[in-house]
Amino acid sequence: MKQQEFPPDGEWAEELQELAARRQQSRAMGGEDALARMKSMGRMNARERLDVLLDDGSFREMGRIAGKASYDAQGRFIAQSPVNAIIGTGRVGGRKVVASADDYSLRAGSSEATISDKWIYAERMAMTMRLPLIRLVDTAGGSVKLLEQQGSSKIPGYPNWPVVELLRTVPVVGVALGSCAGLGAMKVLLTHFSVMVRDQAQVFAAGPPVVKQAYGIEIEKNELGGYQVHRRSALVHNEATSEEDAFEQVRRFLSYLPQHAAALPRREACSDDPDRADDWLKNAIPKDRRRVFDARRIIASIVDAGSFFEIGRYQGGSIITGLARLDGYPIALMCGDPRVAGGAMTLAAAWKVERLAKLCDTFGLPVVNLVDQPGNATGPEAELAGTLLGAVRVMTTIETIRVPWVSIIMRRAFGMAGGLHAPKFFPQLNHRFAWPSARWGSIPIEGGVAAAYRAEIAQAENPAARRDEIEAYYHRLASPFRTAEKFGILDVIDPRETRSILCDWIEDAYEVLQATRPAGRAQP
């Protein structure tokens, strides 16, 4: 929907000419030189970013002439400097959203060199009108020069910014496109999905000059808050190779989410057969329990072709998390990955699970858990990090959510972390299946045998052979078939049946959501 422009004529020609002049000056942003500098750095300006992100011609700008104007002695308009926040509505994949972009070409996008009411209005509009919110963040944060301009300082905070309630109401996305400090960092982090552009974006409480003043440390901005830092910190979900890549990730993320928390995610047409069975899945889990497997290949085989969108790949890597589709229906998915930390639940992995579960509860996404969990990470570093506290937080989160959940135990489910594969208490239904390769218990058999039979193994003529013999005996006792005999597991299935079973389940899951939403207790 292109914003219309009309000739400034008629009885109100003078006022319409002033309006046209103000709009033209606002479109100029920081001026030719500032825009040229951004282009020379390989960066889009704020308006270009909105054009690339949103559907063609769909942006409807608001607050176009907000800013600081100058007037002559008679009070007639001379010129105007625009605000460095651009807001409005547009469409992403045909769906209406609210978009807010920092204009770095004006005072480096400083959060205090602007009219906060403008960007806050965008946030309030998104919440009130139940529209997803996208923040394009490129701001240097606060400026000490504000003291001189105002003649006083203000206590930090924006009492009109309903950010917590916003997170309970609509999908919120933050894109880090430059140095995001202070308020800019909070705009990126207070979201359901965040992405930063490699080597271009940084997210931190304060930049290198403040760090040097406070601690005497010389540090480059990427070393302080670049993507390699946040791969470990998990502050930002994903990284992008370019601005275009970041915007494509935003579009993909929103495609799985509903318009707001009281609506349902949208089903898309699906050409992938729900009963497709990839034969290689029968051997996806190696018989040798000391060998790892390709978890992402298993995910790709089970969900609709090409539908898996991973979130937080480089954080807490022992758990893979993301969004996908089954027979066109959006789902959230998690899967153990034995290639990282042996698949154990680390503190970072626990944080990923907790964050995904809250997202699902807020927006009504059913959960599929492909389980390979040997237990909580152990050792001095894990204990110092408070890994068990992370596991406790997972438990207290998943037991409060009210969305359909199904677990497929592929290999291991041991200990406290293994028990966190699903909500278990009424009214939740502990709906779970197992592959023939599945094993579970209080501790892994290998470790249990080593502890309980230490003396006997050491005294044996062939300690390794005796250990293998004892382990084999206990593995036979731990067969999933024995648990299924007692209905301790719903069913043992051929791995090749998994997609068909899940595609059948997802239809029922959405019927439940249709009947109960928004009964779930949304969480920020």
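Look up a bit, the structure's there.
Residues numbered from 1 in each chain as written. Predicted model: local features only at pLDDT ≥ 70, side-chain atom pairs only at ≥ 80, totals over all residues. Heavy atoms only, no water.

Draft legend 1. Representation of the overall build of the chain within the structure. Regarding its fold elements, the chain presents 21 helices and 19 strands. Considered along the principal axes of its C-alpha atoms, the chain spans approximately 105 × 55 × 40 Å. Of the contacts made within the chain by residues no fewer than 6 positions apart, 75% connect residues no fewer than 24 positions apart. Summing over all exposed atoms, the chain offers an accessible surface of approximately 25,000 Å²; the carbon and sulfur share of this is 53%. (Helix = DSSP H or I, 4+ residues; strand = E, 2+ residues; numbered from the N terminus. Contact = heavy atoms within 4.5 Å. Areas by Shrake-Rupley, 256 points an atom, 1.4 Å probe, with all protein chains shown as cover.)

Draft legend 2. Spatial organisation of the packing of helix H3 (residues 46–53) against helix H11 (residues 243–256). Between H3 and H11, the least distance of the axes is 10 Å, while the angle of their chain directions is 45 degrees. With respect to H11, the element H3 is oriented oblique. Taken as a pair, H3 and H11 cross one another with a handedness that is right-handed. Of the residues in H11, those in contact with Arg-49, Val-52 and Leu-53 of H3 are Glu-243, Glu-244, Phe-247, Val-250 and Arg-251. Looking at the contact of H3 with H11 residue by residue, the class counts come to 4 nonpolar, no polar and 4 charged. (Axes fitted to C-alpha atoms, helices over the stretch in contact; angles between N-to-C directions. Parallel < 35°, antiparallel > 145°, perpendicular 65-115°, else oblique. Left-handed = near helix turned anticlockwise from the far one by under 90°. Nonpolar A, V, L, I, M, F, W, Y, C, P; charged D, E, K, R; others polar.)

Draft legend 3. Expanded view of the side chain of Ser-407. With respect to the element layout, Ser-407 can be found in strand E16 (residues 405–414). Once residues lying within four places of it in the same chain are set aside, the contact partners of Ser-407 are Asn-369, Val-371, His-421, Ala-422, His-431, Arg-432 and Phe-433.

Draft legend 4. Structural context of a negative patch on the surface. A surface patch of like charges, here negative, comprises Asp-273, Asp-275, Asp-504, Glu-507, Asp-508 and Glu-511. Here Asp-273 shows up in the loop between H11 and helix H12 (295–302). (Patch = residues over 30% accessible without salt bridge, like charges linked within 9 Å, V, L, I, M, F, W, Y side chains within 5 Å. Salt bridge = Lys/Arg side-chain N within 4 Å of Asp/Glu carboxyl O. Lys, Arg positive; Asp, Glu negative; His and termini not counted. Charge placed at Lys NZ, Arg CZ, Asp CG, Glu CD.)

Draft legend 5. Just the nonpolar core, in detail. Core analysis: the largest hydrophobic core is formed by 87 residues, its most contacted members being Phe-253, Ile-298, Leu-370 and Trp-435. With 8 residues, helix H13 (residues 347–363) is the largest single contributor of residues to this core. In terms of nonpolar packing, the next biggest core, distinct from the first, is built from 12 residues, Ile-87, Met-125, Leu-131 and Leu-166 among them. (Core = buried A, V, L, I, M, F, W, Y, C linked by side-chain atoms within 4.5 Å. Buried < 20%, exposed > 50% of the residue type's maximum accessible area, 1.4 Å probe, protein only.)

Draft legend 6. Region of the structure containing the packing of helix H17 (residues 445–452) against helix H19 (residues 463–477). Contact geometry of H17 with H19 gives a least axis separation of 10 Å together with a crossing angle of 125 degrees. One element, H17, and the other, H19, form an angle in the oblique class. Every pair of crossing elements has a handedness; the one defined by H17 and H19 is right-handed. Contacts from Ile-445, Glu-446 and Val-449 in H17 reach Arg-467, Ile-470, Glu-471, Tyr-474 and His-475 in H19.

Draft legend 7. Focus on the sheet that holds strand E11 (residues 238–240). Spatially, E1-E4-E5-E6-E7-E9-E11 is the arrangement adopted by the 7 strands of the open sheet, whose pairing is mixed. Each end of this open sheet is capped by a strand with a single partner; those strands are strand E1 (60–62) and E11. Pairs of neighbouring strands in the sheet enclose a mean axial angle of 25 degrees, with direction left out of account. Here strand E4 (residues 85–92) runs beside strand E5 (residues 95–102); their pairing, made up of 8 bridges, is antiparallel. Paired with Thr-89 across the two strands is Val-98, which belongs to E5. Running over the sheet, H3 touches E1, E4, E5 and strand E6 (133–137) and is turned about 160 degrees from E5. (Pairing = 2+ DSSP bridges.)

Draft legend 8. Focus on the pattern of salt bridges. Using the criterion set out here, one finds 31 salt bridges in the structure. Of the charged contacts, one joins Arg-198 and Glu-239 as a salt bridge, the two residues approaching to 2.9 Å between their closest N and O atoms. Of this pair, Arg-198 sits in the loop between strand E9 (193–197) and strand E10 (202–204) while Glu-239 sits in strand E11; the two residues are 41 residues apart in sequence, bridging distant segments of the chain. Looking at Arg-198, the relative accessible area reads 29%, which means it is partly exposed. In this structure, the salt-bridge partner of Arg-412 is Asp-372, at a minimum N-O distance of 2.7 Å. Of this pair, Arg-412 sits in strand E16 while Asp-372 sits in strand E15 (residues 367–373), and the two are 40 residues apart along the sequence. Residues Arg-412 and Asp-372 agree in their burial class; the two are buried.

Draft legend 9. Structural context of the packing of aromatic side chains. All told, the structure shown has 8 aromatic pairs when counted by the stated rule. With a centroid separation of 6.4 Å and 70 degrees between ring planes, the pair formed by Tyr-71 and Phe-77 is classed as edge-to-face. Residue classification places Phe-77 among the buried positions, given a relative accessible area of 18%. Connected via pairs of aromatic rings, a cluster forms that spans Phe-193, Phe-253, Tyr-256 and Phe-309. Over the aromatic face of Tyr-104 sits the side chain of Arg-43, whose NZ or CZ is 4.7 Å from the ring centroid. Geometry around Tyr-314 places Arg-231 over its ring, the cationic atom sitting 3.8 Å from the centre. (Phe/Tyr/Trp six-rings, centres within 6.5 Å; stacked < 30°, edge-to-face > 60°. Lys NZ or Arg CZ within 6 Å of the ring centre and 35° of its normal.)

Draft legend 10. Just the state of the cysteines, in detail. Applying the stated criterion across every chain yields a total of 0 disulfides. Looking at the unpaired Cys-360, the closest cysteine sulfur is the one in Cys-335, lying at 15 Å. Its relative accessible area of 0% is what places Cys-360 among the buried residues. Free cysteine Cys-503: the closest other cysteine sulfur is in Cys-270, separated by 7.1 Å. Taking relative accessible area as the criterion, Cys-503 reaches 5% and is therefore assigned buried. (Disulfide = S-S within 2.5 Å.)

Draft legend 11. Looking closely at H12. Ala-295, Ile-298, Ile-299, Ser-301 and Ile-302 are the residues of H12 that are buried. What you see down the axis of H12 is that its buried residues fit within an arc of 165 degrees, all on one side. The inward-facing, buried residues of H12 contact strand E13 (319–326), strand E14 (329–336), E15, E16 and helix H21 (498–516). Residue Asp-294 occupies the N-cap position of H12, its side-chain oxygen lying 3.3 Å from the main-chain nitrogen of Arg-296. (Arc of directions from axis to C-beta. Polar contact = N/O pair within 3.5 Å; in protein donor to acceptor, adjacent residues only side chain to side chain.)

Draft legend 12. Geometry of a nonpolar patch on the surface. On the surface, Leu-388, Leu-389, Val-392, Met-395 and Met-416 cluster together into a nonpolar patch covering about 420 Å² of accessible area. Considering every element that reaches the nonpolar patch, the biggest residue donor is helix H15 (residues 387–398), with 4 residues. Of note, Val-392 is situated in helix H15.

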